[in-house]
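# Secondary and tertiary structure notes
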Amino acid sequence: MLNILKRFFGAFFRKRSNIKIGFYGPPNAGKTSLANIICKDWTGESLGLVSDVPHETRQVQFREKVEIKHKNKTLVFKIVDTPGIATKIDYEDFLKYGLKRGVAKKRAKEATQGIIESIKWLDDMDAVVVVLDAGQNPYSQVNLTIVGNLVARKIPVLIVANKIDLKNVSAKKIEDAFPDYEVVGISAKKKINLEGFYAALFKLARSI
Amino acid sequence: MKSDKRIKGVSLHIIPFSEIRDLSITERIRKILHLVLGNKVVILQGRLRVEEEIRLIEDTMAMVDHVKSFKGIELAVIEPDQGNESIVMKIRKGIAKTLVGHHNALTIIGPASIVKEIKKDPKKLEVLLG
């Protein structure tokens, strides 16, 4: 309720600039890779480190006043990259990536705190880009919980099906799972269909 | 020497909807996590509201941070009549039904270290040991 009121009255007092866009999703879906591309393209600097080891992003990181131009229109965003949300964290999972036990334990501890921080930031978002790995099952309970909470809080959502450059992977499974939402298939790593992503992002911004 | 981590058995705890109907969100989550921390797999009649699910994840993470050897939870909702529906329909029905009390679903919450996989099948529930 508070969020709805905030958004309603906020619309009167703020110009549609510095739109807060949160990048949410499960770990290793490519949230930071995508946020990095946006920040690098429009500010010249990346936002955070990426890695194959899950939970590389363990703190919310953001960049203010990212001015994006698309088809003669300009919008200013606050890009908020969040740690991946999960229901379990086991430091032993990190050991197989070659991390030392102490480092893995520290990473696990920071990851749990990162998830709590991600959830706390949800209410502060104007809109959310949910980044999913197109090669994974979209019906996971974490995905349901994230999207369910965005729907309940009336926060506009764009679904990104990432990693479509991988063999036998397309956005189709995600599109089937979310027929009522704009789903855009991209590869952040190979920079595939970023034009489609920016078009969808501007459409999302208009729905706020 | 490595400790024997094999689990000899699994304890299921069934919570009827009537047992949580009048509890606040904090009390519901506390009750569930108390059982899960006791190495029980909780089978809840009905489903949690979406805001309760996210709070469960939040509180679980706080527990992982503080309770040694607790690695988190596995969470699944089984709804017999929603086999092949899209996530959007599941969410819509979920939100609508939680407002009136949704008894048809089952929510399964177990410690991640015990529950390796919870397979969703309306007729047959398999709990595999890790």
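In the block above lies the structure referred to throughout.
Throughout what follows, the structure given in this document is the object of discussion. Not measured: the values here are computed from a predicted model.

## Describing the overall build of chain A
Across its full length, chain A holds 7 helices and 6 strands. Reading chain A from its N terminus to its C terminus gives the helix and strand order α-β-α-β-β-α-α-β-α-β-α-β-α. In terms of overall dimensions, chain A is globule-like: its C-alpha atoms have a radius of gyration of 17 Å, near the 17 Å expected for 208 residues. Taken over the C-alpha atoms alone, chain A extends approximately 50 × 40 × 35 Å along its principal axes.

## What about the packing of aromatic side chains?
Residue and element names in this part refer to chain A. Under the counting rule described, the total for this entry stands at 5 aromatic pairs over all chains. Ring centres of Trp 42 and Tyr 198 lie 5.9 Å apart, and the angle between their planes is 90 degrees; this geometry places the pair in the edge-to-face category. Of the two residues, Trp 42 is situated in helix H2 (residues 31-43) and Tyr 198 in helix H7 (residues 194-206); the sequence distance between them amounts to 156 residues. Among the aromatic residues, those joined into a cluster by ring pairs are Trp 42, Phe 197 and Tyr 198. Over the face of the ring belonging to Tyr 91 we find Lys 105, whose NZ or CZ atom lies 5.1 Å from the ring centre. In this structure, Arg 107 is placed above the aromatic ring of Phe 94, and the distance from its NZ or CZ to the ring centre is 5.5 Å.

## Overview of helix H5 (residues 141-152) of chain A
All names here are of chain A. When the terminal C-alpha atoms of H5 are compared, their 16 Å separation across 12 residues agrees well with the 16 Å that a helix rising 1.5 Å per residue should span. Counting buried residues along H5, 10 of its 12 residues qualify, which places the element largely inside the surrounding structure. Once H5 finishes, Lys 154 follows within two positions and takes phi at roughly 55 degrees, a positive value.

## Quick word on the nonpolar core
If you look at the biggest cluster of nonpolar residues, it comprises 57 residues, and the most contacted ones within it are Ile159(A), Leu56(B) and Ile109(B). When residues in this core are grouped by element, the largest group, 7 residues, is from helix H4 (residues 101-121) of chain A. With residues up to four places along the chain from it excluded, the contact list for Ile109(B) reads Ile32(B), Val36(B), Lys40(B), Val41(B), Val42(B), Leu48(B), Leu56(B), Ile73(B), Glu74(B) and Leu75(B). In terms of nonpolar packing, the next biggest core, distinct from the first, is built from 31 residues, Ala35(A), Leu158(A), Tyr198(A) and Phe202(A) among them.

What counts, and at which threshold
Residues numbered from 1 in each chain as written. Chains lettered and ligands numbered in written order. Predicted model: local features only at pLDDT ≥ 70, side-chain atom pairs only at ≥ 80, totals over all residues. Heavy atoms only, no water. Helix = DSSP H or I, 4+ residues; strand = E, 2+ residues; numbered from the N terminus. Rg over C-alpha atoms; globule rule 2.2 N^0.38 Å. Phe/Tyr/Trp six-rings, centres within 6.5 Å; stacked < 30°, edge-to-face > 60°. Lys NZ or Arg CZ within 6 Å of the ring centre and 35° of its normal. Expected span 1.5 Å × (residues − 1). Buried < 20%, exposed > 50% of the residue type's maximum accessible area, 1.4 Å probe, protein only. Core = buried A, V, L, I, M, F, W, Y, C linked by side-chain atoms within 4.5 Å. Contact = heavy atoms within 4.5 Å.

This is a description of form; function is not addressed.
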